[in-house]
Each structure stands twice: as structure tokens, then as C-alpha cells.
Amino acid sequence: RQIREGNLEIAMPVGAELTARLDSVCDVLYLLFNEGYFASHGEAALRRDLCDEAVRLLGCVFSAGFETPDRWALAALFHLHLARFDARTGPDGELRDYAEIAASTYDAMHLRAADLALARAMDAEALSAWHVEAAIASAHCGQGRDWAHIVALYDALLRLKPSPLVRLNRAVAMFRAGRREEALEELGALEKEEGLRDYALLPATQARLHAEAGNSEDATRAHERALACTMSGPAREFLERRWNLH
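Thresholds applied
- Residues numbered from 1 in each chain as written.
- Predicted model: local features only at pLDDT ≥ 70, side-chain atom pairs only at ≥ 80, totals over all residues.
- Heavy atoms only, no water.
- Helix = DSSP H or I, 4+ residues; strand = E, 2+ residues; numbered from the N terminus.
- Rg over C-alpha atoms; globule rule 2.2 N^0.38 Å.
- Buried < 20%, exposed > 50% of the residue type's maximum accessible area, 1.4 Å probe, protein only.
- Contact = heavy atoms within 4.5 Å.
- Areas by Shrake-Rupley, 256 points an atom, 1.4 Å probe, with all protein chains shown as cover.
- Arc of directions from axis to C-beta.

Draft legend 1. Inspection of the overall build of the chain at higher detail. Check the secondary structure of the chain and you find 12 helices and 0 strands. When the helices and strands of the chain are placed in sequence order, the string is α-α-α-α-α-α-α-α-α-α-α-α. For the chain, the C-alpha radius of gyration of 20 Å lies close to 18 Å, the compact-globule estimate for 246 residues. Overall, the chain is about 60 × 45 × 40 Å in size when its C-alpha atoms are taken along their principal axes. Within the span of the chain, comprising 246 residues, buried residues form 40% of the whole. Counting only contacts in the chain whose residues sit at least 6 apart along the sequence, the fraction spanning at least 24 positions is 61%. When the accessible surface of the chain is split by element, carbon and sulfur atoms take 53% of a total near 13,800 Å².

Here it is, written out as C-alpha cells:
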């Protein structure tokens, strides 16, 4: 509407403006994929259509001749996540715990596509945040997880992309690596971060890890806070199902 009413000209930018706009485009594709990989609201927890559209549009960027190592790293990240996409739900469409998913069920085609993209991504003078995120996703796609190595990758990602969400994921890896007390303290500190205040994943993570650590009262309080947050219907069902198992 703004283009039509303002008689705006649609022209390909050049030089530094082109680079800046392409970076913004890829940032949006990253967010689009993430919303498909774990929807923030609605009746569907996963939206494959959004993920596939992000991959298609990134392919358009490549087809237009704008290939760079960091964008290939983003492509690798997409394919690594898509390799696990179908395995994330059960026969009735319910969300499954990652611990219940065998690596043998991952999509081999997407794993091969990720390997090819990573090979092209390595022709870089410096690694981007997408390189590190792809490395983390790759570490989760193996037969076993080296949690200490994953923590080190999150340390590197924090230096490139400091954010509360990265700290949240890092805290989970720390807990799995045996640094339980430190991880729970970090999760407590994240409660003060405005960006995570109403984000269900923080209290849901606290509930699970406190329960595993034997802190039943803290786990119960965190679970109640999680249920008060906005989330998709399947995510809420998953949270309640996990809590009943506990």
C-alpha cells in the first residue's frame, strides 16, 4: 500500500546500501525460520511452511549471486534444523522431547545439504554468529552430545551475539555438562532480563532442571509461571505432559 500510494520506485540498491539491505533480509529469514521451527503462539507448535519459505528465499539470494560464507553458514543452520524437524513430533502431532529422538531418524538429505553448505561457509576470513550456531546444531545432530564442547561453542556465540536467549541455551548446556548449580544461578539471573520476562521457555526450563536437581518447590513455582505465559497449544500440552511424568 505504501509503495502504491507513495509512487515509490522499486530499484535494486547498490554498493554499501545493497550489503546492508541483504544483511537485513537474511536476519528476517533467520527470524522467519525460527518462528516456523518453534511457533510463539497459535494452534501449531511447528510450521514447516515458514521454514521451507525461509530456505527458498535464501536460495533466491544465492541465485541472484549474493553468496557469502556467513550466508552459507545460515543455510547450513537451516538444513541442520530441518534434519530433525519431522522427528520432533509423534504420530498424533504431539511434541516430542529431544532426548527421545534417535539420531538415526534424522533426515539424511538435509544433513548432506548442511555438509555442502558448511564446506562453502568455511571459506571465510572470520566466523560469524551463524557459523557458531551451525556448529552447535551440528553437535546436537550427532549420536552423542559433548556438552562441555557445546558450552564452549555457546561461550563463543555469546562473544559474537550477546543476548539473554543465548545465555538461556548456554545455561542448559552447562547443566547437562555437570555444572548444575552454576546453571541454575544463571537461569535465576535471567529472570531480570526484560526480553525473557514473559517468555515461557525460561520458567519451563527452570521447572525441568530444578525438578532434575531435586528442588521440587522451585520446580513447581517455575512450572506455574510457565503456564501463565503465552505459548502454542501443543507447547502447553507438552509442558503439562512432561510435568505429569515428573
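Draft legend 2. Molecular detail of helix H9 (residues 180–190). Turning to H9, its buried residues are Ala-183, Leu-184, Glu-186, Leu-187 and Leu-190. For H9, the buried positions fall inside an angular range of 155° around the axis, keeping them on one side. Residues of H9 that are exposed and angled more than 90 degrees away from the buried face: Glu-181 and Glu-185. On the buried face of H9, the contacting elements are helix H8 (164–176) and helix H10 (201–212).

Draft legend 3. Local environment of the environment of Pro-13. Positionally, Pro-13 belongs in the loop between helix H1 (2–6) and helix H2 (15–37). Pro-13 sits in the buried class, given a relative accessible area of 13%. As a C-alpha pair, Pro-13 and Phe-62 span 49 residues in sequence and 16 Å in three-dimensional space. Among all residues touching Pro-13, those that are not within four sequence positions of it are Leu-18 and Arg-21.

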